[in-house]
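# Working through the structure, step by step
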Amino acid sequence: MTETAYQHPLMQAYWAQLDTRFKQVEDVFEDVMAEALAILTREDIHHYLDAARVIGKLGRGVEPMLAFLEEWPSAAQALNEEAALPDVMAFIMKMQKSPNGKAITPFLQTLAPVARKLLSREQMQHYLEICQGLMDRTTGSIHGHHTTFPSPGLPLLYAQAPFLLAQLTLAGLKNWVEYGVANYRNHPERQEDYFNLQSADSRAVLQRERHGTLFMDVERKLDLYLRGLWNDTDHLVPYSTAFDELRKPVPYYDKLGMRVPDVYDDFILPSPAGGGAGGEGATANQAITPLQASLPHPNPPPAGEGVKIPGLDRYRATLAHMVGHRRWTEAQIADNWSPFQRMAVEFFEDCRIETLLCREYPGMKRIFLALHPKPVERACDPETTSCLRHRLAMISRALLDPEHGYGDPHLLEFVARFHALMADGAASSTQAIAALALSYVARTRRPSDQLAKVHFDRTVVDYRDDNRQMWRFIEEGDEEQAFDEKRKIEPGEELQGLPPRHYPEWDYKSQTYRPDWVSVYEGLHPQGSAAEIDKLLQKHAALAKRLKRILDLLKPQDKVRIRYQEEGSELDLDVAIRSLIDFKGGANPDPRINMSHRTDGRDIAVMLLLDLSESLNEKAAGSEQTILELSQEAVSLLAWAVEQLGDPFAIAGFHSNTRHDVRYLHIKGYSERWDDEVKGRLAAMQAGWSTRMGAAMRHAAHYLEARPADKKLMLILTDGQPSDVDSQDEQMLIEDSRQAVKELDRAGIFTYCISLDPKADEYVSNIFGRQYTVIDNIQRLPERLPELFLALTK
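Now for a description of the structure that goes with this document. The model shown is predicted, which means the values in this text are computed figures rather than measured ones.

Looking only at helices and strands, the protein chain has 29 helices and 22 strands in total. Counting over 794 residues, the protein chain shows a buried share of 52%. Partitioning the intrachain contacts of the protein chain with sequence separation of at least 6 by distance along the chain shows that 73% fall at a separation of at least 24. Accessible surface, the protein chain: about 36,800 Å² in total, of which carbon and sulfur atoms supply 50%.

Structure follows, in structure tokens:
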């Protein structure tokens, strides 16, 4: 396509920047750019196109470039950071320089679904580290000098990554990969079976690594928890705890969302270290339910004893704590305070927040006390160790737990002052608590607090965030945060067209979905001459007259009267007079003197999905007309018949040119009448390309499922089996269509296929079961199609 082929000058500039001659990219470029412009900023668009140009010139064909153009905008949106693009491109170049260049395509094909599982650039970097480790350790060599053949497991890992990340944390994925490398590094066939989830030990290790409560499993529950209990709608972003060995990350929140671990194991209190004050309670299996967490317990057990906290409740405690800070904490200027002073203020403010949370939902206190460590009072030696953290953890526990058991006089004094301050609602503020914390540090300060050896045992409260939003530093300047969000599309640059919708495709070999595998582009079918359709209807006037008689019998009455109602919409005069006569005559009158009405109608919505593949241009056997022309006649008669019945219906056609370019063409919408505009689109029907049926059915179901009808019928008119030019396995798309029929059935949509292929019996029953009809004599299609519809909707 030349630059002048695009009417919009912005599109011409973008096409020139992409610098490619791939015809497949040319066909979908304007559509993928519509999605990119809706998501990315102007600067990010240029980086996006530069990266696509580099990928297109790697010598790997059109597939990597198409996959990147389709996948990256939604991947960047999921990661909330365009800055992840350099990491991805650097990794692609590493694969290109190694024998693993063929793995670039599967890597890009699953990039968007992987990004939606990871949700942050940091998580994506860890994922790339895992992939690079596998690539480096399983790429073969001769005599250990030069890499000569690719990693057998790498492309298979990419293909399975969306499924694996739905089951495992990144730490679990890392362990799963390590097991495969350790055991099958020198066995290519077994390595392939392992990373393709075909071997028994592969599934066993997967099950072993799937532990704890995964964030992705409870994300929806946590979102509803935030909205329902705390009236907070912020974005939740997971992080991994598996890769930072020196300093484990902790929860925090910023302008991009609330950051939480990607997994929480159930928390079970350790066995008591011994008797006396500060000892831990015994381990038990008494779980706290969400209902118990929000209500006061009538007979609570001793704090910290006999309690197990499920991973879901650990998430709830973490989110509640951050919500409390967002609601009640005021940022303090930290420039004149030492790190020790800031640490003390954070401990005291955390306790203030949790006290306020427990006032709102008293049941939260049991979770906080179970998760909060209980330091042993004399466990830290102040002569050899810095005990500041130990003292702060002790007072933090004492501020929350009335039965703390500590005897330190300074601790008891400041606990009393804290509760007195909290009792005075007007005086309870971050600034007042900070003053109390600074006073406590000054009163208890010791020279050994400066020692490098710090006592950490039982001082880490892991459900609390890092309090980064609690501090302001004047030297950084507040103006650095005062900037406007970049515009994604400048005024006057809006482009026509809808962004593609991505659908999964079923892989019958692995029994899993390939996520976001197919790109469906939809639009209105071009217009033609409505008079052509009128001529076709006139041609079949005798058939229409016969159908009219059947339609008159099926056409519903508008309303049916329901009599003898005690309550109704209007008075039933006949019954009312009879009751009045009974009353005047001394008999008990019938109180059912009202009546109501109900609509006695057909509550059905219909979707007619037309296969518009190239084979429709062939002439029907024994006829001078093409299959397309006969289909036009049949659909015209059917549309006329459904319009007479008054059923809401829609007509759409589809064809495909690889998984990257499935076209879905609207011919008639549910809200449109059977008029000249719709007839004009039907008259202009053209056939071309292939038949990727499963994706088209899923997209049609997207509209049909939204209709408020008791019965939903999807009719598929096709002349051949599902196929496409990029699918070498004939059974693959047949099995995907079969899976799509199952999905629609679960959604309450009845599917029925009208096949014009004389050989359809070989495959159509495998897709639709018994829900199909094969019309061998295609010339009778205009007669059979309306009759089939009427038979299905009686």
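The structure having been displayed, the exposition proceeds.
The strand order across the open sheet built from three strands is β4-β6-β5, with neighbouring strands paired in mixed fashion. With partners counted over all chains shown, the strands left at the sheet margins are β4 (236–239) and β5 (252–254), one partner each. Within this sheet the neighbouring strands show an average axis-to-axis angle of 30°, counted without direction. Across four bridges, β4 lies against strand β6 (residues 257–261) in parallel orientation. For Leu-236, the partnering residue across the bridge sits in β6 and is Met-258.

Using the criterion set out here, one finds 20 aromatic pairs in the structure. Seen from their ring centres, Phe-368 and Tyr-463 are 5.4 Å apart, and the 25° between their planes marks the pair as stacked. Residue Phe-368 is found in helix α17 (residues 364–371), and its partner Tyr-463 is found in the loop between α20 (430–444) and β11 (471–472); the two are separated by 95 residues along the sequence. With respect to class, Phe-368 is no different from Tyr-463; both count as buried. Ring centres of Tyr-664 and Tyr-703 lie 6.5 Å apart, and the angle between their planes is 20°; this geometry places the pair in the stacked category. In this pair, Tyr-664 is assigned in strand β19 (residues 662–668) and Tyr-703 in helix α26 (residues 693–704), connecting sequence segments 39 residues apart. Here a set of aromatic residues connected by ring pairs shows up, and it is made of Trp-176, Tyr-179, Tyr-184, Tyr-194 and Phe-195. The ring centre of Tyr-225 lies 5.7 Å from the NZ or CZ of Arg-316, which sits over that ring. The side chain of Lys-668 reaches across the aromatic face of Phe-649, ending 4.0 Å from its centre.

Here the structure, examined in full by the defined rule, presents 44 salt bridges. With its nearest N and O atoms 2.8 Å apart, the salt bridge here joins Lys-23 to Asp-27. Of this pair, Lys-23 and Asp-27 both sit in helix α2 (residues 23–39), four residues apart, roughly one helical turn. Looking at Asp-27, the relative accessible area reads 23%, which means it is partly exposed. Residues Arg-468 and Asp-466 are paired through a salt bridge, measuring 2.7 Å at the closest nitrogen-oxygen approach. Arg-468 gets classed as partly exposed once you look at its relative accessible area, which sits at 40%. Through salt bridges with shared partners, a single ionic network connects Glu-505, Arg-692, Asp-724 and Asp-726.

Another aspect to go through is the packing of helix α21 (residues 530–539) against helix α24 (residues 627–645). At their nearest, the axes of α21 and α24 sit 9 Å apart, and the two run at 80° to each other. Taken together, the axis directions place α21 and α24 in an arrangement best described as roughly perpendicular. In contact with Ile-533, Leu-536, Leu-537 and Lys-539 of α21, α24 contributes Gln-632, Glu-633, Ser-636, Leu-637 and Trp-640. Its residues assigned to classes, the contact of α21 with α24 shows five nonpolar, two polar and two charged.

Spanning 14 residues, helix α5 (residues 84–97) covers 21 Å between terminal C-alpha atoms, matching the ideal 20 Å at 1.5 Å per step. Within α5, burial applies to Ala-84, Leu-85, Val-88, Met-89, Phe-91, Ile-92 and Met-95. Seen end-on, α5 carries its buried residues on one side only, within an arc spanning 160°. Looking at the buried positions of α5, the neighbouring elements they touch are α3 (42–56), α4 (63–79), α6 (104–109), α7 (111–118), α8 (121–138) and α9 (154–167).

Counting residues in each nonpolar core, the largest one holds 74 residues, and the members touching the most others are Trp-72, Phe-107, Tyr-127 and Trp-176. Residue contributions to this core peak at 10 residues, all from α4. Residues within four places of Tyr-127 in sequence aside, it is in contact with Phe-107, Val-114, Leu-118, Tyr-158, Ala-161, Leu-165, Leu-170 and Leu-173. In terms of nonpolar packing, the next biggest core, distinct from the first, is built from 64 residues, Phe-347, Phe-348, Phe-368 and Ile-395 among them.

We now examine the pairing of β19. Extensive coverage of β19 is indicated by the burial of seven of its seven residues. Pairing analysis gives five bridges linking strand β13 (residues 512–524) to β19, with the strands arranged parallel. Of the residues in β19, the one forming a bridge with Glu-522 is Tyr-664. Looking at chain direction, strand β18 (residues 649–656) and β19 are connected through six bridges and run antiparallel. Bridge assignment links His-655 to a residue of β19, and that residue is Arg-663. Counting the residues between successive antiparallel strands, the hairpin from β18 to β19 contains five residues, one of them, Thr-658, with a positive phi of roughly 75°.

With that out of the way, let us pick up the packing of α7 against α9. Taken N-terminus to C-terminus, the directions of α7 and α9 make an angle of 15°; their axes are 8 Å apart at the nearest point. As summarised for this structure, α7 and α9 are arranged roughly parallel, according to the angle between their axes. Note on packing geometry: the crossing formed by α7 with α9 is left-handed. Only Ala-161, Pro-162, Leu-165 and Ala-166 of α9 make contact with α7, whose side of the interface consists of Pro-113, Val-114, Lys-117 and Leu-118.

What follows concerns a nonpolar patch on the surface. A cluster of nonpolar side chains, contributed by Leu-571, Leu-573, Ile-577 and Ile-581, occupies part of the molecular surface with about 400 Å² of accessible area. Top contributing element to the nonpolar patch by residue count: helix α23 (residues 573–584), with three residues. Along the chain, the position of Ile-581 falls in helix α23. Residue classification places Ile-581 among the exposed positions, given a relative accessible area of 56%.

Its 15 residues give α20 an end-to-end C-alpha distance of 21 Å, which sits within 8% of 21 Å, the value for a rise of 1.5 Å per residue. Packing partners of the buried residues in α20 comprise α15 (311–328), β10 (332–333), α16 (339–360), α18 (388–400) and α19 (409–423).

About the cut-offs
Residues numbered from 1 in each chain as written. Predicted model: local features only at pLDDT ≥ 70, side-chain atom pairs only at ≥ 80, totals over all residues. Heavy atoms only, no water. Helix = DSSP H or I, 4+ residues; strand = E, 2+ residues; numbered from the N terminus. Buried < 20%, exposed > 50% of the residue type's maximum accessible area, 1.4 Å probe, protein only. Contact = heavy atoms within 4.5 Å. Areas by Shrake-Rupley, 256 points an atom, 1.4 Å probe, with all protein chains shown as cover. Pairing = 2+ DSSP bridges. Axes fitted to C-alpha atoms, helices over the stretch in contact; angles between N-to-C directions. Phe/Tyr/Trp six-rings, centres within 6.5 Å; stacked < 30°, edge-to-face > 60°. Lys NZ or Arg CZ within 6 Å of the ring centre and 35° of its normal. Salt bridge = Lys/Arg side-chain N within 4 Å of Asp/Glu carboxyl O. Parallel < 35°, antiparallel > 145°, perpendicular 65-115°, else oblique. Nonpolar A, V, L, I, M, F, W, Y, C, P; charged D, E, K, R; others polar. Expected span 1.5 Å × (residues − 1). Arc of directions from axis to C-beta. Core = buried A, V, L, I, M, F, W, Y, C linked by side-chain atoms within 4.5 Å. Left-handed = near helix turned anticlockwise from the far one by under 90°. Patch = residues over 30% accessible without salt bridge, like charges linked within 9 Å, V, L, I, M, F, W, Y side chains within 5 Å.

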